[in-house]
Amino acid sequence: MLDDGKLTKLQALCDAAVPGHALPREFYSDPDVYEADIRDYWNHHWIWVGHVSQVAEPGAFFLFDYGPESIIVVRDREGRLGAFLNVCRHRGSRVCVARSGTARVFSCPYHAWTFELDGRLRRATHMDEDFAPEEHGLFKVHLRVFEGLIFVSTGDEPPELDEGLAGMRDAVAPYRLDRLKIAHEASYPVPANWKLAIENYMECYHCAPAHHDYSRSHSLKDPDSITPELRAAMEAEVEAAGLLPAKFGRDSLAAPVGMDFWLNRYPLYPGYTTGSKDGALLAPLLGNLKAPVAAATDMQIGILNNFLIYSDHVVGYRFVPRGVQQTDIEMVWLVREDAEEGRDYDVGALTWLWHVTTLDDERIIRVNQEGVNSHHFVPGPLSSMEWGIRTFYAGYLDRLRAAATS
Amino acid sequence: MLDDGKLTKLQALCDAAVPGHALPREFYSDPDVYEADIRDYWNHHWIWVGHVSQVAEPGAFFLFDYGPESIIVVRDREGRLGAFLNVCRHRGSRVCVARSGTARVFSCPYHAWTFELDGRLRRATHMDEDFAPEEHGLFKVHLRVFEGLIFVSTGDEPPELDEGLAGMRDAVAPYRLDRLKIAHEASYPVPANWKLAIENYMECYHCAPAHHDYSRSHSLKDPDSITPELRAAMEAEVEAAGLLPAKFGRDSLAAPVGMDFWLNRYPLYPGYTTGSKDGALLAPLLGNLKAPVAAATDMQIGILNNFLIYSDHVVGYRFVPRGVQQTDIEMVWLVREDAEEGRDYDVGALTWLWHVTTLDDERIIRVNQEGVNSHHFVPGPLSSMEWGIRTFYAGYLDRLRAAATS
Amino acid sequence: MLDDGKLTKLQALCDAAVPGHALPREFYSDPDVYEADIRDYWNHHWIWVGHVSQVAEPGAFFLFDYGPESIIVVRDREGRLGAFLNVCRHRGSRVCVARSGTARVFSCPYHAWTFELDGRLRRATHMDEDFAPEEHGLFKVHLRVFEGLIFVSTGDEPPELDEGLAGMRDAVAPYRLDRLKIAHEASYPVPANWKLAIENYMECYHCAPAHHDYSRSHSLKDPDSITPELRAAMEAEVEAAGLLPAKFGRDSLAAPVGMDFWLNRYPLYPGYTTGSKDGALLAPLLGNLKAPVAAATDMQIGILNNFLIYSDHVVGYRFVPRGVQQTDIEMVWLVREDAEEGRDYDVGALTWLWHVTTLDDERIIRVNQEGVNSHHFVPGPLSSMEWGIRTFYAGYLDRLRAAATS
């Protein structure tokens, strides 16, 4: 329910954004923009919510929450995966309050409206005669599984996904991402708008100044440091490992259907085989890899979802809005499904790099927000290393404009 | 000071409400609706603020706060009860900061403007010559006492009350509610809009699923469980106790002047004489009762105020707004004025049922708000057991519409 | 970026203010008014941020924050004092996160854009070829030093200051305010709008009722208590001390160029030489004073900044907005630069009076806000002792109106 004043404001704000520059402060501080962000952007796009290993058995479910939304991901009795709004069709209560578990039905804690695992309303007492239970099942939301990674979208017409995923599949298939398990999850709350958090992930311009540990091992921090020799060594390893010899990088996207999909493999510096403190592997080689590759592979799926693939583990990233200036940086570390904690990997060592790196990010995102809040802030020009943010802004503004005029 | 945009929004929201269905999310999340709720609804209706036993002596006073408002209830030197806005007529300070006590005057802590117990301004120094003290007394608000229960309204023209109360008087007179004392008060904060809290009280559709202890003893949880035998037994007890043999219930309101007044007596299940854990009485029989009645009597006065009357004690309920999504469920347990704690009643036993029941409610009201916050929430149809909410919505929307167009 | 609805609202609010009366509640509760307060009022006026002793050496800097703004005050390598917005010209991060210290450059913690101490951009990597570093220095803000006190304004055209200061200089020169040091700083958070806090400082109508310790020694609490004898005694001391014998007071402003400047000396009651508990001096006589004067001198510079000058110390006051209803009362106690703690002064004794007085103020400002929040609050008439507030309101409303129509 948008009054005209708000629509006019949103459109004026979109028009005030200067291409190639940061966004004006209102995008990071105005409650009406935040409402639009959730309603028109997050509730349209694909969101990575988890991994199939979390819902392996019939009845297994977990929740994923963002902003004011809550999604139930559940495997029904026939083994089909589904996703539903966690909102009762009666008076709107959450129907599921457990974060995860195994269920036979979802029975609303308020008035016991009871839903099947496929969302259908099984029982609602004391309703009028003309009440149609078949019209009051849980709202089903779009769901896709890509290599074991589960994505949902609550929008009516979510962005194209399948074609993009198809273009990436061969490149990541050898990692067998479907045969992973979650080794650790962590959440880093940061008092900033979610866009400042995701922008931070979208560029490595800040890596050298802000991330000393990351920059010691990861060449993305300085494109000029990737010498032909370093790249050649990596590509030899790629071949030895049994990975596709595809050239990755900015000009050779695996799936060039837009910035919704991005796959980029870059070398680690000599002495590093993975994102570890000492350079040594942290866990068993993934999937069908025949040998380790001293590289990191960035994979972006659907704007909001980022993954970093090493030879021995994967880290997934989400920047989950909780309020206008409150965001959770959520991270998930995944290892091979048969790896055993203590024997095959150590959680402290596994998570060390991205724990310290994210603590750095929490700090710089926070002071970014503090400065952006100034009434005197004038958005400045972006550097060449921030091309990912330019693309994000363009799509973001398009989406807000489209929603405001629809 | 309402700009046109807000008025338009409020009216559009009222129009968007579908009769017989829950209200749209904005009614529970929009700060402008919350402002209207206080300004146009709470500041119009009658609010139960306390009991005459709290202001027995001349000079005795207590405060009652809701939203941004604060009311002083005080007995003046001549023994007359009055209620005043706790706002200095100078620059707006609260004039009384003690929650209760005995006063000779109210002297503003800021600049010592001093008010008599009947609200008149006694002294204000350094004012211009044309200053008229008689025009700057504390704003007096409407006050009514019904059977010892004190109600106030800060509105210019509060809803009709006297006729409704007159219709209920005989039915409750034998309980001698004026001869009670407060045995215990408690406040249960819930992170939800006040309407979700009061709606929760207005229906027993949720009792069976959510309140196991209550449902063990109180037949309201299932109208079909009230057999003719159960009702006949209750009515025999009613007669033996010396209570009016009036038939109560939905179709036989004691005071059928609208949903502002409601009186309904329903049986307790066999084995229960009052709302206790073991069914036994918790305190001396109230007033003129000659024998206990295994029943609970719901009494609603003026929409916002609810009471549950047992043979031996009374529980009063308020759902006090503190913010858009912050409400205090306030409860007051009252017993006969001459009952003595330790000898005649035990506070833990007395408060047990409604303590555990309210903890349940706190939880379900909270998850109700969480779900309602979803942008995808579509208000669903109400059940037949939620007729009280339908009536509440109708009156609520009428009032908001009337205020928005005045 | 103000939509028409907000402009209309602000203008209607300004029109609703009745001269000689308190302001309507929205001025203390509406988030849009708070935005305007920072953007149009605080970001226009002069703000006292510190003392030259804090930035004595080249490279020395400190931050001053208010609302969402942050200012760097720094002495560059050539010894020139400057002030800059603490907002990176790239994507808006704070460039300086240390509260104070010594710097060679300011290097943004995010992407290492590096700024000279005079604000010029020294280095920004990976920028496009057409990037002009000379156009991306830190925004410089206006700065003035008066007798060692540092003032800044972030506005385009700040109010006239120099003429006003010139008119005050002779009167305060003997105190040698430039030769002070900070003995103590303290911050008293109060849950109220900043205007309620500064209004509290602008009148002594509340001193007698609310400040018993202050009122025991300071005659400002009651103009009628300043007998001719008391004034004559003070003036004799003024002459003996070597201070200008100028008559101060409401009708004899030292710098009558408007309420932006105010200087008023009033006697302490017999037995008190300074603002101490026992009346005795608390620290060495300031500057060129030849003898103590049993007086307090109020000095107001540029509306927002207040100082109280005793013979032996100075207290500076700021009422710093942090949110719509969150303000920090910040106080700074200054003594002669060569005074040594422990030998020449005791911090507990030095700060006693204004610590207890400010605790009183915190309480009454808080209950003032609570009362003003009432929808029923009607702004009342001001007393003759509140003339300072009348002048403040007039200028405040003028400024908001001017900004809303520009």
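A quick note: this is a predicted structure, and the numbers were derived from the prediction, not measured.

Overview of the state of the cysteines
Residues and elements named next belong to chain A.
Part 1 of the argument: Within this structure, the stated rule accounts for three disulfides over all chains.
Part 2 of the argument: What pairs with Cys204 in a disulfide is Cys207, and their sulfur atoms sit 2.0 Å apart. Taking the torsion about the sulfur-sulfur bond, which here is approximately -110°, the covalent link between Cys204 and Cys207 counts as left-handed. With respect to burial, Cys204 and Cys207 carry one shared label: buried.

Notes on the interface of chain B and chain C
The extent of an interface is frequently quoted as the accessible surface area lost upon association of the parts.
Part 1 of the argument: The interface of chain B with chain C comprises 33 residues on the first partner and 38 residues on the second.
Part 2 of the argument: Approximately 2800 Å² of surface area, both sides summed, lies buried where chain B meets chain C, with 57% of it carried by carbon and sulfur atoms.
Part 3 of the argument: Its salt-bridge partner being B:Arg91, residue C:Glu203 comes within 2.9 Å of it at the nearest N-O pair.
Part 4 of the argument: Across the contact surface, chain B and chain C share 16 residue pairs in polar contact (both at pLDDT 80 or more).

Points about the relation of the copies chain A and chain B
Part 1 of the argument: Between the two copies, chain A and chain B, the superposition gives an RMSD of 0.0 Å; the rotation angle is 120° and the shift along the axis is 0.0 Å. Each copy turns onto its partner about a three-fold axis. Within chain A, the C-alpha atom positioned nearest to the axis of rotation is that of A:Gly5, 4.0 Å from it.

Observations regarding empty space enclosed by the protein
Left-over empty space is what a probe sized like a water molecule reveals as it rolls over the atoms.
All names here are of chain A.
Part 1 of the argument: Inspection of the entire model under this criterion finds seven cavities of 30 Å³ or more.
Part 2 of the argument: Put simply, the largest cavity is a space of about 60 Å³.
Part 3 of the argument: Every residue along the wall of the largest cavity is listed here: Asn200, Tyr201, Tyr317, Phe319, Ile329, Met331, Trp354, Thr358 and Asp361.
Part 4 of the argument: Within the residue set of the lining of the largest cavity, elements represented by two or more residues are helix H5 (194-202), strand S15 (314-323), strand S16 (326-336) and helix H9 (347-372).
Part 5 of the argument: Ranked by residues supplied to the lining of the largest cavity, first place goes to H9 with three residues.
Part 6 of the argument: Residue classes in the lining of the largest cavity are distributed as six nonpolar, two polar and one charged.

Brief notes about the sheet that holds strand S2 (residues 60-66) of chain A
Residue and element names in this part refer to chain A.
Part 1 of the argument: The strand order S4-S3-S2-S5 describes an open sheet built from four strands, whose pairing is antiparallel. Where the open sheet ends on each side, the last strands, each with one partner, are strand S4 (81-85) and strand S5 (100-102). If you compare each strand with its neighbour and ignore which way they point, the axes differ by 20° on average.
Part 2 of the argument: Here S2 pairs with S5 via three bridges, running antiparallel. Of the residues in S5, the one forming a bridge with Ala60 is Thr102.

Some words on the packing of aromatic side chains
Part 1 of the argument: Taken as a whole and assessed by the stated rule, the structure comprises 60 aromatic pairs over all chains.
Part 2 of the argument: The interplanar angle of 45° and the centroid separation of 5.6 Å between the aromatic rings of B:Tyr201 and B:Phe319 together place this pair among those described as tilted. Highlighted residues: B:Tyr201 in helix H5 (residues 194-202) and B:Phe319 in strand S15 (residues 314-323), separated in sequence by 118 residues. As far as burial versus exposure is concerned, B:Tyr201 and B:Phe319 are alike and both buried.
Part 3 of the argument: Ring geometry for C:Tyr317 and C:Trp354: centres 5.3 Å apart, planes at 75°, overall edge-to-face. In this pair, C:Tyr317 is assigned in strand S15 (residues 314-323) and C:Trp354 in helix H9 (residues 347-372), connecting sequence segments 37 residues apart. Pair check on accessibility: C:Tyr317 and C:Trp354 agree, each one buried.

Cut-offs used in this document
Residues numbered from 1 in each chain as written. Chains lettered and ligands numbered in written order. Predicted model: local features only at pLDDT ≥ 70, side-chain atom pairs only at ≥ 80, totals over all residues. Heavy atoms only, no water. Disulfide = S-S within 2.5 Å. Buried < 20%, exposed > 50% of the residue type's maximum accessible area, 1.4 Å probe, protein only. Contact = heavy atoms within 4.5 Å. Buried area = accessible area lost by both parts, 1.4 Å probe. Salt bridge = Lys/Arg side-chain N within 4 Å of Asp/Glu carboxyl O. Polar contact = N/O pair within 3.5 Å; in protein donor to acceptor, adjacent residues only side chain to side chain. Least-squares fit on C-alpha atoms with pLDDT ≥ 70 in both. 1 Å grid on protein atoms, 1.4 Å probe; cavity = no way out; pocket = protein on both sides within 12 Å on 5 of 7 lines; lining within 4 Å. Points joined across faces, edges and corners; volume = space filled by probe spheres on them. Helix = DSSP H or I, 4+ residues; strand = E, 2+ residues; numbered from the N terminus. Nonpolar A, V, L, I, M, F, W, Y, C, P; charged D, E, K, R; others polar. Pairing = 2+ DSSP bridges. Axes fitted to C-alpha atoms, helices over the stretch in contact; angles between N-to-C directions. Phe/Tyr/Trp six-rings, centres within 6.5 Å; stacked < 30°, edge-to-face > 60°.

These figures capture arrangement, not role.
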